[in-house]
Amino acid sequence: MNLKDANNYIEQNRVAGALRPLFHIIPEVGWMNDPNGFSEYKGEYHLFYQHYPYGTQWGPMHWGHVRSKDFITWEALPVALAPDEEYDCQGCFSGTALQVGDEHVLVYTGVSEGKQKQCVAIGTGTDYVKIPENPVIPGDMLPEGFSRVDFRDPKIYKVKEGYELIAVNFSEKNLGQLVKFSTKDLRNWQYEGVVLANDGSLGVMWECPDYFTLDGQEMFIFSPQDVAAVDDELHNGDNSVYTVRGSGKFHEIDYGLDFYAPQTAHMSDGRQILIGWMHSWKNDYAPAGVLWNGMMTLPRELKLIDGIMYQTPVKELANYHLDKVEHELILDGAGELPKVKGRTADMCIRWDANKDLKVSVAVGDGHHTDIIYDASARSITFDRRYSGITKDINCLRTFPVHGNDALMSLRIVLDYNSVELFVNDGREAFSGAIWTDRAADGIVFNTKEPTKLSVTYHNVGRR
Ligand code: FRU
């Protein structure tokens, strides 16, 4: 497999614009998983992704590539990496990127003979060359007993003296751990030790680590696999969590049915932005006949408030608001609101946190996707059982609403194939894919008693 074949194949088989979500990233054609190499390079935002162009299921991994000036409109670029070297012939697995001087540096995991090692490719924003020193961190640089088979997903970051990376690894106890390496020149690396390890209480293997500073605190993000659920938390089997270093507390990042392997990037305007794979290994679904599988969440701005990571859609989404509809009303029972209708939308609803509310989106012809707030349980249930899915995958999820706010706020970001929820200014987030026919564009509100609602609604589109 090589770049030329991948790019030719994509040229001939690209999914037509009219069949794509409006403002969420999908592959040009074929399969997409984890976000990779999310970074700002020469003033533009780059995202790479785990990619197999030739089919809608996972296969030997390439790095797909898109670029944006505003996180909302993305331009497809040629595939950046293909598994075409002896040391990565079984796949170019996940990794990250950084601008170093004038160059865009990618670090990724090369897989060959079933073993994983860290590699570097350097480019100019469109074309990337794997360096001759690869693999720069073979598994044998790890202490004895640590796995050479599970050693992947490097996150590179700048430090005073050069660069460091953390990668995931399987320990001698067969549990996930994050190992650190350092370098001055990106070619010669030293092992620096284990920075965080699974004591057995959070799944088995960990994947896709991230490490950054947020509002003065050191943060880790990673995606633990095979996690046992606790109450309303950690129900996806494979989950993604964050922790403030030293706190000993791990929080689920997104309660969605479709969320995994997020990574963040620090942007020159000071924002730390997160993007996740809006899909899941254990809940994999794409309808027959659709030529793409896998999507990214909307990029989200992060804030840390009292140890909790808040997420809100990037502010640039507002530049795509076509109109603004505002309603203040008291609703008793079910009702639609004038001009509140559409499948690409950004809507915020506020109401008394002591009252139940159901909001149904993508309504029409027997279809509906329901978001149900239960005031006594202080929880939200997402129900996509009638959302165009013709396979028995998990369609229901209930998640907690933390805090004790007197007023609830719920922001719903809707695209043709997704619903993202941001509760109480982004304290809780939820991502779910839907496959409802695009003609189903109704939005219906439902209360059990007279309830005051404030609704701000925007259709999202390009002028
Ligand atoms: C996470 C993951 C990574 C790996 C990649 C392979 O979803 O399993 O650990 O690098 O996917 O595509």
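Let me sum up the structure you'll find in this document.

1. Topic: the sheet that holds strand β20 (residues 300–305)
Piece 1. Across the sheet, four strands lie side by side as β17-β18-β20-β21; this open sheet has antiparallel pairing. A single partner strand is all that each edge strand has here, and the edge strands are β17 (260–266) and β21 (308–313). Ignoring which end each strand starts from, the neighbouring axes of this sheet average 35 degrees apart.
Piece 2. Pairing between strand β18 (residues 272–277) and β20: two bridges, direction antiparallel. Paired with L274 across the strands is R300, a residue of β20.

2. Section: the site of the ligand
Piece 1. D34, Q50, R152, D153 and E207 are the nearest of the 13 residues found near the ligand.
Piece 2. A distance of 3.1 Å is found between an oxygen atom of the ligand and a side-chain nitrogen or oxygen belonging to N33.
Piece 3. Taking E207, its side chain carries an N or O atom lying 2.8 Å from an oxygen atom of the ligand.
Piece 4. For the shell around the ligand, the secondary structure elements donating two or more residues are β1 (30–41), β5 (91–100), β9 (151–159) and β13 (206–214).
Piece 5. Residues belonging to the shell around the ligand are distributed by class as follows: six nonpolar, three polar and four charged.

3. A look at the pattern of salt bridges
Piece 1. Under the criterion given, the structure shown has 30 salt bridges.
Piece 2. Between D88 and K130 there is a salt bridge; the shortest N-O distance is 2.7 Å. Linking D88 in the loop between β4 (74–81) and β5 with K130 in strand β8 (residues 128–130), this pair joins segments that are 42 residues apart in sequence. Comparing D88 with K130 shows no difference in burial state: the two are buried.
Piece 3. Measuring nitrogen to oxygen at the nearest pair gives 2.7 Å for the salt bridge that ties E316 to R271. Taken together, the residues span a long stretch of sequence, with E316 in the loop between β21 and β22 (325–331) and R271 in the loop between β17 and β18 at a distance of 45 residues. Across the pair, exposure class does not vary: E316 and R271 are buried alike.

4. Considerations on the pairing of strand β26 (residues 367–374)
Piece 1. Here six bridges tie strand β25 (residues 357–364) to β26, and the two strands are oriented antiparallel to one another. Its bridge partner lying in β26, V359 is registered against I371.
Piece 2. Once β25 ends, the chain turns through two residues before running back antiparallel as β26, passing D365 with a positive phi of about 50 degrees.
Piece 3. Connecting the antiparallel pair β26 and strand β27 (residues 379–386) is a turn made up of four residues, with R378 showing a positive phi of about 45 degrees.

5. Points about the environment of N293
Piece 1. The residue N293 is located in strand β19 (residues 292–293) in this model.
Piece 2. Residue classification places N293 among the buried residues on the basis of a relative accessible area of 1%.
Piece 3. Measuring from C-alpha to C-alpha, the distance between N293 and G30 comes to 6.1 Å, with 263 residues separating the pair along the chain.
Piece 4. With near-sequence residues (within four places) excluded, N293 lies in contact with P27, G30, W31, M32, T56, Q57, H279, D284, Y285 and A286.

Analysis parameters
- Residues numbered from 1 in each chain as written.
- Predicted model: local features only at pLDDT ≥ 70, side-chain atom pairs only at ≥ 80, totals over all residues.
- Heavy atoms only, no water.
- Pairing = 2+ DSSP bridges.
- Helix = DSSP H or I, 4+ residues; strand = E, 2+ residues; numbered from the N terminus.
- Axes fitted to C-alpha atoms, helices over the stretch in contact; angles between N-to-C directions.
- Near = heavy atom within 4 Å.
- Polar contact = N/O pair within 3.5 Å; in protein donor to acceptor, adjacent residues only side chain to side chain.
- Nonpolar A, V, L, I, M, F, W, Y, C, P; charged D, E, K, R; others polar.
- Salt bridge = Lys/Arg side-chain N within 4 Å of Asp/Glu carboxyl O.
- Buried < 20%, exposed > 50% of the residue type's maximum accessible area, 1.4 Å probe, protein only.
- Contact = heavy atoms within 4.5 Å.

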